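Observations on the three-dimensional arrangement
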Amino acid sequence: METTVARKRLEEMRDEADRTIAILQGERPGPVAGAGYPQDSADAGSMLSESDRTEAILHSARSQRDEVLAALARIDDNSYGQCIDCGNEIPEGRLEARPEAARCVACQAKWAKRRR
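Residues numbered from 1 in each chain as written. Predicted model: local features only at pLDDT ≥ 70, side-chain atom pairs only at ≥ 80, totals over all residues. Heavy atoms only, no water.

**Description of the overall build of the protein chain**
Quick note on the threshold: Here a strand is any run of E in DSSP of at least two residues, a helix any run of H or I of at least four, and the numbering for each starts at the N terminus. For each residue, the accessible area found with a 1.4 Å probe, counting protein chains only, is set against the maximum for its type, and the residue is called buried under 20%, exposed over 50%, and partly exposed in between. Working rule for contacts: check all heavy atoms of both residues, and any pair within 4.5 Å makes them a contact.
Regarding its fold elements, the protein chain presents 4 helices and 0 strands. Secondary structure of the protein chain in N-to-C order comes out as α-α-α-α. Considering the protein chain as a whole, with its 116 residues, one finds that 24% of them fall into the buried category. Considering only contacts in the protein chain between residues 6 or more positions apart, those separated by 24 or more positions represent 61%.

Here you go:
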C-alpha cells in the first residue's frame, strides 16, 4: 500500500478512535455528591455491568489508537509494511484490510498464541 494512502487511512482511524474515546470517557459516570447506591440490587448489578462494558470498550479503543500511532511512526521512519518481528514484507492485502498491522500473518499468529 502506498504510504500516502496508508497515512490518510491511519489518520482517519486515529481521529475516529479519539472521538470514540472522548465519547466513552464522557459516558463514564463520575462520583456525584450526595448520590447513593441504587436501592434495588438488580439496578446496582446493571450499573456495574454497563460500567464494565464501557471500560472494556474504552480499553479496546485505546489499544487500537496505540496500534495506529505506532503504524504512523513506522511510516515516518520508513519501516511501514515490514514485519516488526521477522522483517519480511507484510502482504499488500493484509495492509489494505488492516493498515495498522505491524506483523506478517505468520508472526501475528505466533504473537497471538504467546499472549494466550
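**Side note on the pattern of salt bridges**
Pairing between side chains of opposite charge can happen when their charged atoms approach one another. Here is the rule we go by: The rule for a salt bridge is simple: a side-chain nitrogen of Lys or Arg has to be within 4 Å of a carboxyl oxygen of Asp or Glu.
Enumeration according to the criterion identifies 9 salt bridges in this entry. Where Arg14 meets Asp15, a salt bridge forms, and the shortest distance between an N and an O atom there is 3.2 Å. A residue is classified by how much of its surface remains accessible, and Asp15, at 33% relative accessible area, is partly exposed. The partner of Arg65 in a salt bridge is Asp18, with the nearest N and O atoms 2.3 Å apart. Residue Arg65 is located in helix H2 (residues 41-76), and its partner Asp18 is located in helix H1 (residues 3-27); the two are separated by 47 residues in the primary sequence. For Asp18, a relative accessible area of 29% puts it in the partly exposed group. Here the salt bridges share partners, and the residues they tie into one network are Glu67, Arg98 and Glu100.

**Thoughts on the nonpolar core**
Put simply, the rule reads: Residues enter a nonpolar core if they are buried and are Ala, Val, Leu, Ile, Met, Phe, Trp, Tyr or Cys, with the set joined through side-chain atoms within 4.5 Å.
Counting 14 residues, the largest nonpolar core has Leu10, Ile75, Tyr80 and Leu95 as its most contacted members. With 4 residues, H2 is the largest single contributor of residues to this core.

**Re the side chain of Arg103**
Keep this limit in mind: In the analysis that follows, any N or O atom pair within 3.5 Å is treated as a polar contact, provided that within protein one partner can donate a hydrogen and the other can accept it, and provided that, for residues neighboring in sequence, both atoms belong to side chains.
Here Arg103 is to be found in the loop between helix H3 (92-97) and helix H4 (105-115). Within the structure, the side chain of Arg103 is placed 2.8 Å from the side chain of Asp85, a separation counted as a polar contact.

**Thoughts on unusual backbone geometry**
One non-glycine residue, Asn78, adopts positive backbone phi at about 60 degrees. Along the chain, the position of Asn78 falls in the loop between H2 and H3.

**Here we look at the confidence of the model for the protein chain**
We apply this condition: In predicted models, pLDDT denotes the confidence assigned by the predictor to each residue on a 0 to 100 scale.
Taken residue by residue, the protein chain gives an average pLDDT of 87. The fraction at 70 or more is 81%. Confidence, read as mean pLDDT per element, is least for H2 in the protein chain (86) and greatest for H3 (96). Below a pLDDT of 50 lies the segment residues 31-36, which in the model reaches 0 contacts outside its immediate sequence neighbourhood of four places, other chains included.

**Let's talk about the environment of Cys83**
As for its position among the elements, Cys83 is in the loop between H2 and H3. For Cys83, a relative accessible area of 4% translates into the label buried. As for Cys83 and Ala101, which are separated by 18 residues in sequence, their C-alpha atoms are 8.4 Å apart.

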